[in-house]
Amino acid sequence: MKIHEHQAKELFRETGIPTTIGKVAFSVDEARKAAQELFDKGNSVVVVKAQIHAGGRGKAGGVKLARSVDEAAKLAGEILGKVLVTPQTGPQGQEVRRLWIESGSKIEKEFYLSMLVDRKTQALSVLAAAEGGMDIEELAHSHPEKILSFSISLVSGPKTFHGRNLSHFLGLGEAHVAECALFLQKIYEFFWKTDASMVEINPLALVSEGATKKLLALDAKVTFDDNGVFRHPKLKELFDPTEVDAKELEAAKYDLNFIALDGSIGCMVNGAGLAMATMDIVKTYGGEPANFLDVGGGATAEKVREAFKIILKDPKVKAIFVNIFGGIMKCDVIAEGIISASKEIQLHVPLVVRLEGTNVDLGRKMLETSGLKIHTAVTMAEGAEKVVKAMKGN
Amino acid sequence: MSVLVGKESIVITQGITGKAGLFHSQQCRDYGTKLVGGVTPGKGGQKVDNFHVWDSCAEAVAAVGANVSMVFVPPAAAADSILEAFESGIPLVVAITEGIPVLDMMRVKKYLDLKNYELSREGKSQLRLIGPNCPGIITPGAAKIGIMPGYIHRPGSVGIVSRSGTLTYEAVHQVTQMGMGQSTCIGIGGDPIQGMNFIDALELFNNDPGTESVIMIGEIGGSAEEEAAAWIQKNMKKPVAGFIAGVTAPPGRRMGHAGAIISGGGGTASSKIEALIAAGATVAKTPADMGTALKQALR
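Q: What exactly am I supposed to notice about the interface of chain B and chain A here?
A: Interfaces are often sized by the accessible area lost when the parts come together. On the side of chain A, 49 residues touch chain B, which itself brings 53 residues to the contact. Surface buried jointly by chain B and chain A totals about 4200 Å² across both partners, of which 65% is contributed by carbon and sulfur atoms. Here chain B and chain A share three salt bridges between them. Residue R231(A) is joined to D104(B) by a salt bridge in which the shortest nitrogen-to-oxygen separation is 2.9 Å. Linking chain B to chain A there are 12 residue pairs in polar contact (both at pLDDT 80 or more). Looking at the side of chain B that touches chain A, the elements with two or more residues in it are α4 (102-121), α5 (165-177) and β13 (240-245) of chain B.

Shown next, in the form of structure tokens:
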């Protein structure tokens, strides 16, 4: 589960991770008030930041500086309601519904810092770079030597020497060792307190406040482990449904794994691996999947019906491919779900069904006698070929 | 021959009185697995459908000498249950539970690493965890410990290891349809932190006289397949066929399995396929070709 920058920064503050001061604003009025407060406190610059979950906001025009309350209000008016298109939002973009108005900082230098669940080391790992604001994944590809990466032992947790290594790598020498260690320790603490799966600070900045220089999290991106959210009812409330595709929300209600894609062939499959493989084979035969949908191992007829309805309601879908290998999931349950969904919502596109596994004969018979127009297939290759042909209208 | 489980396995189910735990325990017993009972704290002494119920793993070990535990305990308590099984002297735990918090599993993994280091210094055999979030393990005709449909399997010489459940069934089905059979099938699960990995399974198959070839089924995310490919190139004495799911998956989206996500340049299907081919494996172009890829590899 992702949250907004302003929510992450509030959690940072509670944990003791140094970050900027600001307020969330859902309207121009609120933005004006928030800016006024910051100017009253003696800030000479405030930052108006679009709050969407996707990264790349700055380049898309979602982050602007203001030197007066009026300018902040004007910028807020421009950014609120705007659809930001960044490499992470996809071409349809994401509408800005809230802003974060924060104090401007006098930035000396920007860095990159993140901590994440590392599959390779099966531990928490830190990534850092002496350049901030850039795309870390691109940097990892082009200049891996510019990235510091290390795992933290569960036995020790982050120690001062980790902080020293980080500080020296960032070119901050001995002066900021304690601060670097504090960042690592507090982020680590945050992970265990919240079941986070990723914390990314890009940029982490060295800012000057009068004569002193200190490290500050200028941005905050946090992802929580979906499997751990149940233990944190308060964090669950931070979920913003407007950041998620409506079909995906509907699917989540029924505990279905659904991801909307751009193609025209609706897919309904059991099991995540088989669902991915089904998308792949559809593509091999010249089609494009409209979605990833895993109904799970032990789905009921009701769940299958709801899943099928979500696909039927998608106007992009020109043909549907149901690919089921029944193990625990019985083929007759799948058939029952398809038939009852098609009674509620007219089946208006070609449907190809490939059933295999437990109770396959019963399932096939139910579909045959249902009166629905269904193309059947024995193997998934045959099914994929048929559904692509059907989509193209022949 | 087979790996890890067989006729000698004495199995208990942790969470046996739950709906899924009981159903699958019955299915395993019907298949012929020596599944004698299970653990549900607070319900010790009861019987469900002729299964003994104990309060703890230690009691089950003392009573029947259980040497495998199948875990169906709900996510919040699953990591605790896995550790309990190991601490009770059960050397193999098969964790079916889906949705265990990743950081819980990170602790379990660290426990296993440290424990296995101690055991290896003492010259003792290792503790093994399969899963979580996996279909389990089956040695056809001998022991089914998991949720896979037993009847599609057939005893034979193909070892199968996979991150995905239903995709494994697809491979098993194709192998069986070709008139061949499986030595053992291991579902290692789709979570980012897991017990056994591909290399652990490949090593077992490599040393198993009953396994003559291997199908390895991977998917996008992480670098486990690339690491496995490097291991195959160096060590594998037997033909390997592979398949990687997720060629068409968009970057940054989690494809059902928490592990199945492409981030940055890493974890793509194409890098995994290239690594496997470079290691000498035959890679199926589509999931419908896993059986034929194996045939090619055997040539």
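Q: Can you walk me through helix α2 (residues 28-40) of chain A in this structure?
A: Counting along an α-helix, one turn takes 3.6 residues, and residues three or four places apart therefore face a common direction. Residues and elements named next belong to chain A. Taking 1.5 Å of rise per residue, 13 residues should cover 18 Å, and α2 covers 18 Å from first to last C-alpha, within 8% of that figure. Within the sequence span of α2, burial applies to A31, A34, A35, L38 and F39. The buried residues of α2 all sit within an arc of 135° when viewed along its axis, so they share a single face. Away from its buried face by more than 90 degrees, α2 exposes D29, K33 and D40. Residues of α2 that are buried in the fold lie against β1 (22-25), β2 (46-50), β3 (63-66), α3 (69-79) and β6 (99-103). Phi turns positive one or two residues past the end of α2, at G42, with a value near 105°.

Q: Would you take a moment to explain the packing of aromatic side chains for this structure?
A: Across all of its chains, the model carries five aromatic pairs over all chains by this definition. Here a set of aromatic residues connected by ring pairs shows up, and it is made of F12(A), F190(A) and F224(A). Note that R29(B) overlies the ring of F51(B), its terminal NZ or CZ placed 3.8 Å from the centroid.

Q: I keep staring at the side chain of S157(B) and nothing clicks. Help me out?
A: The residue S157(B) is located in strand β10 (residues 155-162) in this model. S157(B) has contacts with G181(B), Q182(B), S183(B), G210(B), T211(B), E212(B) and S213(B), leaving out every residue within four places of it along the chain.

Q: It is not clear to me how the packing of helix α9 (residues 272-284) of chain A against α5(B) should be interpreted in this structure. Could you clarify?
A: Angle between the axes and distance between the axes are the two parameters that describe a pair of packed helices. Two elements in contact, α9(A) and α5(B), have axes separated by 4 Å at closest approach and are oriented at 70°. The angle between α9(A) and α5(B) falls in the class roughly perpendicular. Listed contacts from α5(B) to G273(A), L274(A) and A277(A) of α9(A) are T166(B), L167(B) and E170(B). Split by residue class, the contact of α9(A) with α5(B) holds three nonpolar, two polar and one charged.

Q: Any chance you could explain the side chain of S125(A) here in plain terms?
A: All names here are of chain A. With respect to the helices, strands and loops of the structure, S125 is situated in strand β8 (residues 123-129). Overall, the relative accessible area of 5% leaves S125 in the buried class. Within the structure, S125 has its side chain in polar contact with the side chain of D118 (distance 2.7 Å). Not counting residues within four places of it along the chain, the set of residues in contact with S125 comprises S114, M115, L116, D118, F150 and S151.

Q: Please clarify how the sheet that holds β3(A) should be interpreted in this entry.
A: Residues and elements named next belong to chain A. Strand order across the open sheet formed by four strands is β1-β6-β2-β3, with antiparallel pairing between neighbours. Taken across any chain shown, the strands that pair with only one partner, and hence form the sheet edges, are β1 and β3. The sheet shows a mean angle of 20° between the axes of neighbouring strands, taken without regard to direction. Sheet topology note: the β2/β6 ladder contains five bridges and is antiparallel. Considered in β6, the bridge of V48 is made with I101. Sitting on the sheet, α2 touches β1, β2, β3 and β6, and the angle it makes with β6 is about 10°. Sheet strands in contact with α3 are β2, β3 and β6, and its direction is about 160° off that of β3.

About the cut-offs
Residues numbered from 1 in each chain as written. Chains lettered and ligands numbered in written order. Predicted model: local features only at pLDDT ≥ 70, side-chain atom pairs only at ≥ 80, totals over all residues. Heavy atoms only, no water. Contact = heavy atoms within 4.5 Å. Buried area = accessible area lost by both parts, 1.4 Å probe. Salt bridge = Lys/Arg side-chain N within 4 Å of Asp/Glu carboxyl O. Polar contact = N/O pair within 3.5 Å; in protein donor to acceptor, adjacent residues only side chain to side chain. Helix = DSSP H or I, 4+ residues; strand = E, 2+ residues; numbered from the N terminus. Expected span 1.5 Å × (residues − 1). Buried < 20%, exposed > 50% of the residue type's maximum accessible area, 1.4 Å probe, protein only. Arc of directions from axis to C-beta. Phe/Tyr/Trp six-rings, centres within 6.5 Å; stacked < 30°, edge-to-face > 60°. Lys NZ or Arg CZ within 6 Å of the ring centre and 35° of its normal. Axes fitted to C-alpha atoms, helices over the stretch in contact; angles between N-to-C directions. Parallel < 35°, antiparallel > 145°, perpendicular 65-115°, else oblique. Nonpolar A, V, L, I, M, F, W, Y, C, P; charged D, E, K, R; others polar. Pairing = 2+ DSSP bridges.

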